[in-house]
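Summary of the model geometry
The chain contents come next:
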Amino acid sequence: MSGVSNTDRRLAPDMSWNALLNRLKAAVPDAFDGGGRAQNLIGGRWVPGEGARAYRSPVDESDLGALPFASPASAEAAVRHARDEFEAWSKVPLDERQRKVSACLDALRANRDLLVRLLTWEIGKTPKAAAADVDRCISGVAWYVEQVGPMLDGRSPLGVVSNVASWNYPMSVMGHALLVQALCGNAVLAKTPTDGGLYTLTLFAALAREAGLPISLLSGSGAELAGAILRTPLVACIAFVGGKTGGRDVVAKMARDDQRHMVEMEGVNAYGVWNFSDWPALAAQVRQGYEYGKQRCTAYPRFVVQRRLFPAFLDMYLPVVKSLRVGNPALEPPAGGPGLDFGPLINAKKVAELRGQIADALAAGAVPLHVGRLDPGDFAPGQSTATYLEPHVLLSPPRSSALYHHEPFGPVDTIVPVDTVEELVAEMNVSNGSLVASVACDDPREAALIAGELRAFKVGVNRVRSRGDRDEVFGGVGASWKGCFVGGKYLAEAVTAGAPGEQLYGNFPTYQRLPEPR
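Report on the accompanying structure. (Residues numbered from 1 in each chain as written. Predicted model: local features only at pLDDT ≥ 70, side-chain atom pairs only at ≥ 80, totals over all residues. Heavy atoms only, no water.)

This part takes up the pairing of strand β3 (residues 51–56). By the bridge criterion, six bridges tie β3 to strand β4 (residues 63–69) in an arrangement that is antiparallel. For Y55, the partnering residue across the bridge sits in β4 and is G65. (Pairing = 2+ DSSP bridges. Helix = DSSP H or I, 4+ residues; strand = E, 2+ residues; numbered from the N terminus.)

Next up on the list: the side chain of T496. Take T496: it is sitting in strand β19 (residues 496–497). Relative accessible area serves as the criterion here: at 0%, T496 is assigned to the buried category. In this structure the side chain of T496 is engaged in a polar contact, spanning 2.7 Å, whose partner is the side chain of R155. Excluding residues that lie within four positions of it along the chain, T496 makes contacts with L152, R155, S156, P157, L158, C184, R260 and E502. (Buried < 20%, exposed > 50% of the residue type's maximum accessible area, 1.4 Å probe, protein only. Polar contact = N/O pair within 3.5 Å; in protein donor to acceptor, adjacent residues only side chain to side chain. Contact = heavy atoms within 4.5 Å.)

With that settled, consider the pattern of salt bridges. Applying the stated rule across the entire model yields 23 salt bridges. One salt bridge in this structure joins R99 and D95, with 3.9 Å as the shortest N-O distance. With R99 and D95 both in helix α3 (residues 94–110) and four residues apart, this pair spans about one turn of that helix. D95 sits in the partly exposed class, given a relative accessible area of 42%. As a salt-bridge pair, R325 and D378 come within 2.5 Å of each other at their nearest N and O atoms. (Salt bridge = Lys/Arg side-chain N within 4 Å of Asp/Glu carboxyl O.)

Turning our attention to the nonpolar core. Core analysis: the biggest nonpolar cluster contains 127 residues, and L108, Y199, F313, Y317 and I415 have the highest contact counts within it. Among the elements that make up this core, the one with the highest residue count is helix α5 (residues 127–151) (twelve residues). Dropping the residues within four chain positions of it, I415 is found in contact with F303, V305, F310, F313, L314, Y317, L369, V393, L394, L395, S396 and P397. With 25 residues, the next largest nonpolar core counts I42, L189, L218 and A228 among its residues. (Core = buried A, V, L, I, M, F, W, Y, C linked by side-chain atoms within 4.5 Å.)

Here we come to the pairing of strand β11 (residues 270–273). Both faces of β11 are covered, namely the face carrying A270 and G272 and the face carrying Y271 and V273. In the classification by handedness, the crossover that spans β11, the intervening helix α10 (residues 279–288) and the parallel strand β12 (residues 302–306) is right-handed. As judged from the three bridges shared by β11 and strand β16 (residues 434–440), these two strands associate in the parallel manner. Note on β16: the bridge partner recorded for Y271 is S438. (Right-handed = clockwise from strand over helix to strand, strands pointing away.)

Moving on to the packing of helix α1 (residues 17–27) against helix α7 (residues 198–210). Where α1 meets α7, the closest approach of the two axes is 11 Å, and the angle between their N-to-C directions is 15°. With respect to each other, α1 and α7 are oriented roughly parallel. Pair α1 / α7 crosses with left-handed handedness. Residues W17, L21, L24 and A27 of α1 form the contact with α7, whose own contacting residues are Y199, L203 and E210. (Axes fitted to C-alpha atoms, helices over the stretch in contact; angles between N-to-C directions. Parallel < 35°, antiparallel > 145°, perpendicular 65-115°, else oblique. Left-handed = near helix turned anticlockwise from the far one by under 90°.)

As a further point, take the packing of aromatic side chains. Given two aromatic rings, their pairing is described by the distance between the two centres and the angle made by the two planes. The tally for this structure, following the rule as stated, stands at 22 aromatic pairs. Summarising the aromatic geometry, the rings of W17 and W121 are spaced 6.3 Å apart at their centres and angled 55° between planes, so their arrangement reads as tilted. Residue W17 is located in helix α1, and its partner W121 is located in helix α4 (residues 112–123); the two are separated by 104 residues in the primary sequence. Residue W17 is classed as buried on the basis of its relative accessible area of 2%. (Phe/Tyr/Trp six-rings, centres within 6.5 Å; stacked < 30°, edge-to-face > 60°.)

Our next topic: the packing of α3 against α7. Closest axis-to-axis distance for the α3/α7 pair is 8 Å, and the angle between their directions is 140°. Comparing their axes, α7 and α3 come out oblique. For the pair α3 and α7, the crossing hand works out as right-handed. Residues C104, A107 and L108 of α3 form the contact with α7, whose own contacting residues are F204, L207 and A208. Considered class by class, the residues forming the contact of α3 with α7 number six nonpolar, no polar and no charged. (Nonpolar A, V, L, I, M, F, W, Y, C, P; charged D, E, K, R; others polar.)

These results come straight from atomic positions and should not be treated as a statement about function.
Given below as C-alpha cells:
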C-alpha cells in the first residue's frame, strides 16, 4: 500500500491516490493479488509477475505500487494463449464482435471518472487532458463499430497483434488500437509502458475481458521480452509507438521480413512562418500546442521564422509562453476548465536530460529568449518538483546540439530565423522526415509551394495538424515511420489480410506508396 503524499494533504479524500486505488480494486478485484499488487493478464487469467519494479507518480514522485514484471517464459505463454484464442475469436461473426466491443465501451463510459483520475496520477495529465484521452478512445472506437463492416469486405484477420507503445496516451492510442484490432477479428496483446499507465490499462483490460474480448496485458522489460512478443512467428503483426531508437530496434527484431508492422517514431515537427500577418490566430495555436507539456508525437517544438517577421512573431509568441501555468495536476478539479496548462514531465530523469540539453545548447551559442518559472502556489507544500520543467525558448540552437536535430518531447521550443524560402524548407526538414508540419502564410499559392517541399506526412496551412482518428489517415515520412499507415480503412487493412500480393498503403523499407493529397 502506498503512503500518504504531501499532495494528498491538499486533496479532497476521494481525490487521493489511496482512495482511487481502493476504487480500482473494488471495480476489478481479480486484477490484484492477495497483497494488493497489480497482476498480468495472461490467457484470460490474472497472474502475479515474477519480478517487480518500483512505480512512482510523476505528480509528486510518491509511491504508486509496483509494475508486475513478467518473465520471458510468461510472455511466451501469453503469446501462445493469444494464438489459441485467435482460432476461436476469428470465427466469431462480425455483428457479435461489434456487440462485445460496444459492451466494453459502455463499461469504459461507466468508469470514465476513475480512468481520468488514474491518468492524472499515473502520467501527470491535467484532468482536462486526461478526459480528452479517454473520450477520444471511446468515441473513436464507437465510430469503427459503426463503420467497420465495409472495411472488412473480402478481408480476414491476421492473428495475434502485439502492441508496444509509449506512456503518453494509454487510452486514445493504445486502448483505441487494441479495441479496433480485436473488432477486426484479431487476438491482441499489449505490453504496459514502464513509465506510466499500469493502473489505467489494468482497468481497461479487465473491462475488455469482462466484455469477452481476447486481450492480454503484461508488464516487463522491452529488451527482455522482445524475443517473446516481437521476434516470434506466433505474432502476425507488431504495432509500436515510440522513439527512433526503440523503433529501429523493433524493426530489427521482427521475426520475418514480411511481418506486418506499424512503427511510429518521432521527428522534429516544425512550424514555418513566411509572409504572414494573422498573429492572433497563430497565438491560439501556440497555446494549444502546449497540451500535456508537448509530450506528444505531433507537438511542434521548432518555429522557423522569416527574419523580417521576427519582431512581430516575438510580440505574439512571448506573451503566450509567459502566461503558461505549470503545476500539480492532481490539485485541479476533475471537471477541468481553465487552470494549469500542463503538469509534470513523465519522470525526473527526462527533466534532467532536457536541462542538460538546454545547457549544452546555450554553451554552444544558443540564445535564451524565455525561461519560465514554477509558482509555489501551484504545488502542494513541500512536494518534490523534480519532474516539472518550466517552458524554455532558445534562439538559433547550433547544429552541434541535440536540440537542433532531435525532438525534445517536452516544453522546450527552438526558434530559427531565416532569409529565404530555401532556408525555411531546409530548417524545417532537419530530421529526415516527420509526422506533421505547418506553414503560416497569407498567400495560399505560396503556402502550397512551401508545403510541397516539406518532409512531413501531414502539412497544415495556417493550422496545426494532429494524429487524427476515424477516417483520417496517419503515417510518417522518412525516418519517422515504417510500415502500414493507419486511420479509417487503413487501420482495418493494416491488421487484416486481403488478396494475395496486395500492397498496403504505407512507408515500407522495400517500397513506398506515395501519400494521398494533403
